[in-house]
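What the coordinates show
Next come the chains, spelled out residue by residue.
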Amino acid sequence: MGDTNGQIVAGGNGQGNRLDQLNEPTDVLIDKETDSLIICDPGNQRVVRWSRRSGTTQGEILIDNVTCVGLAMNDQRYLYVSDHDKHEVRRYQIGDKNGTLIAGGNGEGAGLGQFNKPTYIFVDQQQTVYVSDNNNHRVMKWNKGAKEGIVVAGGQGCGNALTQLCHPNGLFLDTLGTIYVADCNNDRVMRWPKGAKQGTVIVSGNGEGEGANQFHNPIGLSFDRHGNLYVVDNENHRVQRFSIE
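This text gives an overview of the structure that appears in the document.

**Considerations on the overall build of the protein chain**
Along its length, the protein chain carries zero helices and 19 strands. At 17 Å, the protein chain has a C-alpha radius of gyration in line with the 18 Å of a compact globule built from 245 residues. With respect to the principal axes defined by its C-alpha atoms, the protein chain has extents near 50 × 45 × 30 Å. Considering the protein chain as a whole, with its 245 residues, one finds that 48% of them fall into the buried category. Carbon together with sulfur atoms contributes 43% to the accessible area of the protein chain, which is approximately 12400 Å² in total. Computing the positive centroid from 23 side-chain charges and the negative centroid from 28, the protein chain places the two 6 Å apart.

As structure tokens, then:
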């Protein structure tokens, strides 16, 4: 906190597929049990793990042949991975290479059992999986064991009305079941209360730009324990922090 320079904890050796390289990484989580980072490395079609211990110079491949964009881990340390190209979400035990199909897997499409380029995911304590269904401009909720999902945000085509999303990405759910979503092509962050038919804009909505109240294709978001919102402002090459009431 307060640093003006960061330190490299994974990759940093140029774009490539060696174990000391990454290729367009999209998502990362911390596995506290092994004190390591688990990273989506979609350019290499793999999920890799890098130890956080000092002196680590390369990662190890956990899962390959997966165009991973989003990652989540539940309390039982199951890993959930979205596959952008296979239009599905799978669940893996650490060390398991094949995983179990959890959502989608019925080809590309807009049906309730399908995705069109799923990206970021969030898993709650009931093992319900929420998925940003990017090219369908919606967020889907898949209950544990379900064969179809439920549209919980968007789903009205690409647009900037409060009932719409346009290429949604980063996702977060609070304890009340409120969905926070990075509405990428609308350059805004939206909040959708549980069961709501429309959302509210909580950050930006001021069009594409470089201002402190603007984004250019926000793709990732996260909250800290004080309720501060952090947004990966992709095309502005920055991370912004906002205090949300």
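**Notes on the pattern of salt bridges**
For the structure on display, the rule yields twelve salt bridges. Here D85 makes a salt bridge to K117, at a shortest N to O gap of 3.4 Å. Here K117 lies in the loop between β8 (100-104) and β9 (118-123) and D85 lies in the loop between β6 (78-83) and β7 (88-93), a separation of 32 residues in the sequence. Assessed through its relative accessible area of 23%, K117 is described here as partly exposed. What you see here is one network of salt bridges that share partners, running through D31, E33 and R77.

**Focus on the side chain of N116**
Inspection of the secondary structure puts N116 in the loop between β8 and β9. A residue is classified by how much of its surface remains accessible, and N116, at 14% relative accessible area, is buried. In this structure N116 touches H87, E108, G109, D133, N134, N135 and N136, once residues within four positions along its chain are discounted.

**Some words on the state of the cysteines**
Per the stated rule, a full pass over the model turns up two disulfides. Taken in N- to C-terminal order, the disulfide-linked cysteines of the protein chain are connected 1-2, 3-4.

**Remarks on the side chain of H87**
Within the secondary structure, H87 is located in the loop between β6 and β7. Given a relative accessible area of 7%, H87 falls into the buried group. At a separation of 3.5 Å, a polar atom in the side chain of H87 contacts the side chain of E108. Engagement of the side chain of H87 in a polar contact is seen with the backbone nitrogen of K117, the distance being 3.2 Å. In contact with H87, other than residues within four places in its own chain, are G104, G105, G107, E108, F115, N116, K117 and P118.

**A word on the packing of aromatic side chains**
According to the stated counting rule, one finds five aromatic pairs in the structure shown. Considering the side-chain rings of F122 and F172, the 5.4 Å spacing of their centres and the 70 degrees angle between planes classify their relative orientation as edge-to-face. Of this pair, F122 sits in strand β9 while F172 sits in strand β13 (residues 168-173), placing them 50 residues apart in sequence. Among the residues examined, F122 registers a relative accessible area of 19% and is labelled buried. Its relative accessible area of 22% is what places F172 among the partly exposed residues. Taking the centre distance of 5.7 Å and the plane angle of 80 degrees together, the rings of F215 and F242 count as edge-to-face. Of this pair, F215 sits in the loop between β16 (200-204) and β17 (218-223) while F242 sits in strand β19 (residues 238-243), placing them 27 residues apart in sequence. Among the residues examined, F215 registers a relative accessible area of 0% and is labelled buried.

Parameters and conventions
- Residues numbered from 1 in each chain as written.
- Predicted model: local features only at pLDDT ≥ 70, side-chain atom pairs only at ≥ 80, totals over all residues.
- Heavy atoms only, no water.
- Helix = DSSP H or I, 4+ residues; strand = E, 2+ residues; numbered from the N terminus.
- Rg over C-alpha atoms; globule rule 2.2 N^0.38 Å.
- Buried < 20%, exposed > 50% of the residue type's maximum accessible area, 1.4 Å probe, protein only.
- Areas by Shrake-Rupley, 256 points an atom, 1.4 Å probe, with all protein chains shown as cover.
- Lys, Arg positive; Asp, Glu negative; His and termini not counted.
- Charge placed at Lys NZ, Arg CZ, Asp CG, Glu CD.
- Salt bridge = Lys/Arg side-chain N within 4 Å of Asp/Glu carboxyl O.
- Contact = heavy atoms within 4.5 Å.
- Disulfide = S-S within 2.5 Å.
- Polar contact = N/O pair within 3.5 Å; in protein donor to acceptor, adjacent residues only side chain to side chain.
- Phe/Tyr/Trp six-rings, centres within 6.5 Å; stacked < 30°, edge-to-face > 60°.

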